[in-house]
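What follows is each chain in one-letter form.
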Amino acid sequence: MKISHRWLSEWVENDLDAQSLAEQFTLCGLEVDAVEPVAPALDGVVVGEIIAVEPHPDADRLRICRVVGDSQERTVVCGAPNARAGLKAPLATLGACLPGGLKIKPARLRGVASEGMLCSGPELGLAEDADGLMELPGDAPVGQALSEYLQLDDHVLEIDLTPNRADCLSVRGLARELGAITNRAVQAPSIEPVAATSGARLEIELEAPRDCPRYAGRVIEGIDPTAATPIWLVERLRRAGLRSLGPTVDVTNYVLLELGQPMHAFDLARLSERIRVRRAQSGDRIRLLDGQVIEPDEDMLLIADADKPVALAGIMGGLDTAVSDTTRDILLESAWFHPATISGRARRLGLATESAHRFERGVDPELQRLAVERATRLIVDIAGGRPGPVVEAIARAELPSRPKVALRIERLNRVLGSTLGEAEVIDILQRLEMEVSSSSGELSVVPPSARRDIEIEADLIEEVARIYGYDRLPVSPPGGRLHARVGSESRLPERRLRDQLIARGFQEIMTWSFVGRDELDRIGLAGAAQPLANPLSRDMAVLRTSLLPGLLATADTNFRRQHLGFRLFECGTCFERDDDRFRETWRIGLLMTGRIGNEHFSGRPRWLDFFDLKGEIEHLLALNQVTGQVSVAPADKSFLHPGQGAALLLDERPAGWFGQLHPKLQRDLEFDQPVFVAELDGAEISQVRLPEHRLAGRYPAVRRDIAVIVDDRYSAADVLAEVRRCAGALLENCVIFDQYRGKGVESGCRSLAIGLILRDVSRTLQDREVDSLVDEVVAALKARFNAKLRG
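Residues numbered from 1 in each chain as written. Predicted model: local features only at pLDDT ≥ 70, side-chain atom pairs only at ≥ 80, totals over all residues. Heavy atoms only, no water.

**What about the overall build of the protein chain?**
- The number of helices and strands found in the protein chain is 21 helices and 40 strands.
- Here the C-alpha coordinates of the protein chain stretch approximately 120 × 85 × 60 Å along the principal axes.
- Looking at the protein chain residue by residue over its 791 residues, the buried ones come to 48%.
- Within the protein chain, contacts between residues at least 6 apart in sequence are counted, and of these 69% link residues at least 24 apart.
- Per element, the accessible surface of the protein chain, about 39900 Å² overall, is 47% carbon and sulfur. (Helix = DSSP H or I, 4+ residues; strand = E, 2+ residues; numbered from the N terminus. Buried < 20%, exposed > 50% of the residue type's maximum accessible area, 1.4 Å probe, protein only. Contact = heavy atoms within 4.5 Å. Areas by Shrake-Rupley, 256 points an atom, 1.4 Å probe, with all protein chains shown as cover.)

Now the structure itself:
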């Protein structure tokens with residue numbers, strides 16, 4: 001929500017500058033993200049008037065203008081198409097410095113002297129685009145500083161509101177807050193009913209009263225389609241981030257900002273007979289203001305006339321009935337829609353509108369008629385016209401009521417640790433426009449109709465605390481008996497895993513648990529994804545089934561910023577739906593890419609490879625003494641390289657996967673270098689072996705090395721597993737210390753050099769029994785893998 005400091009100060013007189021006001025709002029729970037000036041410094045820019053225009057003798061597109069604005073009449077060469085005699089526009093005088101550093105100096109343009117510059121809105125930082133000079137009203141005082149005339153000594157406050165504070169999405173709501181904070185009266189503009197001067201009306205039918213229990217409409221005939229929006233209204237819209245689109249639309253946007261009530265104006269000539277508020281039906285089609293044609297779902301609410309849908313209720317109007325430059329008769333509409341009816345529908349269609357933003361959070365249900373009267377007065381004052389009577393359809397039984405909420409003073413002070421008296425509490429609540437009655441230390445409070453977030457006693461306690469001031473509440477340590485929870489020594493703390501990865505050069509990231517279904521589809525992991533009932537956007541429509549999408553998105557961002565070497569990790573929960581079960585698993589995701597080593601005259605750095613990632617995982621498991629025999633097997637993952645994808649096993653239980661991204665996926669992601677990823681099951685790798693004390697062996701170990709030739713289709717892990725099985729209790733350890741392919745080894749095979757370390761804790765091993773055991777191992781390898789000793 002963007003709001004002008006000057007506009008807000010018109011509602012509540014105060015002596016706070018913009019920065020101080022922002023601090024006060026933030027302290028009471030309305031966080032202000034930014035405070036920005038409404039315009040750059042425009043010293044030397046004044047209101048100028050063109051008194052004569054002549055064509056330039058040497059340039060068809062340039063004109064020679066005689067302009068008054070400062071002490072004397074001056075010649076200004078201008079190329080704007082709307083430059084004409086009698087036009088008032090901003091004049092940058094000699095010596096003025098415009099945004100972007102342009103300093104105005106005497107110049108000659110195609111041989112004609114120019115002493116100043118007539119300016120457009122973008123040149124002054126007051127607009128994003130323009131078709132010519134910025135046109136000022138005819139009554140603008142010539143020679144007055146533009147900053148003074150437009151009251152540009154102002155700031156815009158950008159307020160980040162929580163979803164429960166829809167009442168503050170307007171000047172009216174923020175003024176209520178400011179009045180309560182400063183204990184000043186709120187001076188709202190007087191809104192009197194506008195008498196009907198025409199009998200024109202359009203009947204309204206509520207066919208879905210639960211979705212829309214209140215709808216008000218008013219016909220205004222004979223407005224002037226050539227009328228211009230006053231500069232003060234254009235400026236207030238601009239400072240709130242809205243463009244001027246013509247008087248009728250500007251007035252509806254102004255009322256939206258001022259009162260918080262979304263409104264819409266229809267071209268009356270394009271409506272048929274009456275207005276019907278109904279649910280969408282099969283076959284309905286509507287072309288929205290943004291040009292897209294939609295077929296609304298049956299849970300969406302429509303505004304329709306006798307023949308067709310004319311608006312998507314609470315979200316966007318239809319293009320076929322929109323007001324245009326030739327519209328003379330309009331229908332103003334103002335309604336209250338149930339938040340549940342609007343919530344999520346705009347996001348489903350990929351739309352984000354100011355109306356939907358407010359309706360899905362909850363608009364004041366008693367504001368609709370007041371908004372119609374306010375908009376009517378502004379339109380009649382600006383563009384003329386003859387208003388008809390206000391037609392209002394109401395289903396009172398479906399409108400939300402204003403609940404009575406009990407507040408105990410004793411309970412409030414116990415929760416806040418304060419000593420507030422009843423009179424002080426009543427004063428705070430009444431400053432928030434709440435109706436309060438007292439009886440025996442208990443207050444009965446009725447919140448204003450706009451405060452639909454006040455439902456229970458705790459809500460009132462929070463209101464008192466934030467207006468009184470969190471910084472003024474006493475500070476006291478918590479009481480009670482605290483019990484320390486000692487973690488199991490056999491469970492690896494999450495913090496320790498994080499620290500170890502950081503020490504190895506990984507950087508931790510945190511990404512959303514919500515992802516787009518197409519992101520999971522791309523890697524083949526969308527099958528078990530749980531969709532969200534009310535997603536924030538299409539890109540956050542399902543719960544993630546893997547940490548991989550977040551890692552890849554972060555890598556993509558780094559690549560696009562030319563950061564080509566990095567190591568990332570994330571610890572987080574993944575979610576999977578399987579028939580009627582729903583599982584949450586804690587996982588660790590890794591991503592590595594880039595080169596190892598720095599450029600140096602002694603050698604070049606090399607690219608990371610599969611074994612670097614495998615080594616990092618083995619290091620992590622070995623460092624923590626993870627329970628279980630570690631082994632790897634080929635992984636059947638469509639997103640991994642077919643020859644460089646592996647499954648991690650602990651005692652044959654799946655504990656994760658790792659490998660290089662599939663080349664096709666790498667191309668689809670537009671990654672120009674290899675990327676290696678892994679995902680580990682946090683529960684499996686967090687189980688660690690506790691240290692055990694045992695005496696060092698008194699008897700010496702015996703080592704025997706063998707070299708066996710095996711077919712490439714057998715993995716080294718399977719070979720080692722068979723050695724361990726066959727060697728039994730005497731085997732203390734075995735390692736593969738060499739691998740050879742080449743001369744003397746037939747094609748499709750490799751030689752594995754295996755070291756066997758044997759020991760008996762009770763005696764010295766004899767050579768004959770060691771030789772016998774080695775023979776048994778060789779025989780077992782031959783039987784299972786057709787292995788043979790390398791001669």
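**Concerning a negative patch on the surface**
- Taken together, the side chains of Glu-31, Asp-33, Glu-36, Glu-158 and Asp-160 define an acidic patch exposed on the protein surface.
- Put simply, the parts of the chain that give the negative patch at least two residues each are strand S2 (31-37) and strand S10 (155-160).
- Sort the elements by how many residues they give to the negative patch and S2 lands first, with 3 residues.
- With respect to the secondary-structure elements, Asp-33 resides in strand S2. (Patch = residues over 30% accessible without salt bridge, like charges linked within 9 Å, V, L, I, M, F, W, Y side chains within 5 Å. Salt bridge = Lys/Arg side-chain N within 4 Å of Asp/Glu carboxyl O. Lys, Arg positive; Asp, Glu negative; His and termini not counted. Charge placed at Lys NZ, Arg CZ, Asp CG, Glu CD.)

**Observations regarding the side chain of Thr-341**
- One can find Thr-341 in helix H7 (residues 339-342).
- When near neighbours in sequence (up to four residues on either side) are disregarded, Thr-341 contacts Asp-211, Asp-299 and Leu-301.

**Brief notes about the nonpolar core**
- Core analysis: the biggest nonpolar cluster contains 76 residues, and Phe-25, Leu-157, Ile-159, Leu-174, Val-425, Leu-429 and Leu-443 have the highest contact counts within it.
- When residues of this core are assigned to their parent elements, the largest contribution, 7 residues, is made by helix H10 (residues 368-383).
- When residues no more than four places from it in sequence are discounted, the contact partners of Leu-157 are Met-1, Lys-2, Ile-3, His-5, Ala-18, Leu-21, Ala-22, Phe-25, Val-32, Ala-34 and Val-35. (Core = buried A, V, L, I, M, F, W, Y, C linked by side-chain atoms within 4.5 Å.)

**Considering the sheet that holds strand S9 (residues 117-118)**
- The strand order across the open sheet formed by 5 strands is S5-S4-S3-S6-S9, and the pairing between neighbours is antiparallel. Two strands lie at the open edges of the sheet, namely strand S5 (74-78) and S9, each paired on one side alone. (Pairing = 2+ DSSP bridges.)

**Some points on unusual backbone geometry**
- Positive phi values are uncommon outside glycine, yet Glu-670 reaches one of about 60 degrees.
- Along the chain, the position of Glu-670 falls in the loop between helix H18 (663-668) and strand S36 (675-681).
- Not every positive phi belongs to a glycine, and Asn-786 is a case in point at roughly 60 degrees.

**Concerning the packing of aromatic side chains**
- Tallied over the entire structure, the rule returns 11 aromatic pairs.
- Here the aromatic rings of Phe-575 and Phe-582 are separated by 6.3 Å at their centres, their planes lie at 25 degrees, and the arrangement is stacked.
- Note on Phe-575: relative accessible area 12%, which makes it buried.
- Judged by centre distance (5.0 Å) and plane angle (65 degrees), the ring pair of Tyr-714 and Phe-785 falls under edge-to-face. One end of the pair, Tyr-714, is in the loop between strand S37 (702-711) and helix H20 (716-727); the other, Phe-785, is in helix H21 (residues 767-785), and 71 residues separate them in sequence. Across the pair, exposure class does not vary: Tyr-714 and Phe-785 are buried alike.
- Looking at Arg-472, its charged tip hangs above the ring of Tyr-468, at a distance of 4.0 Å from the centre.
- Over the aromatic face of Phe-506 sits the side chain of Arg-567, whose NZ or CZ is 5.7 Å from the ring centroid. (Phe/Tyr/Trp six-rings, centres within 6.5 Å; stacked < 30°, edge-to-face > 60°. Lys NZ or Arg CZ within 6 Å of the ring centre and 35° of its normal.)

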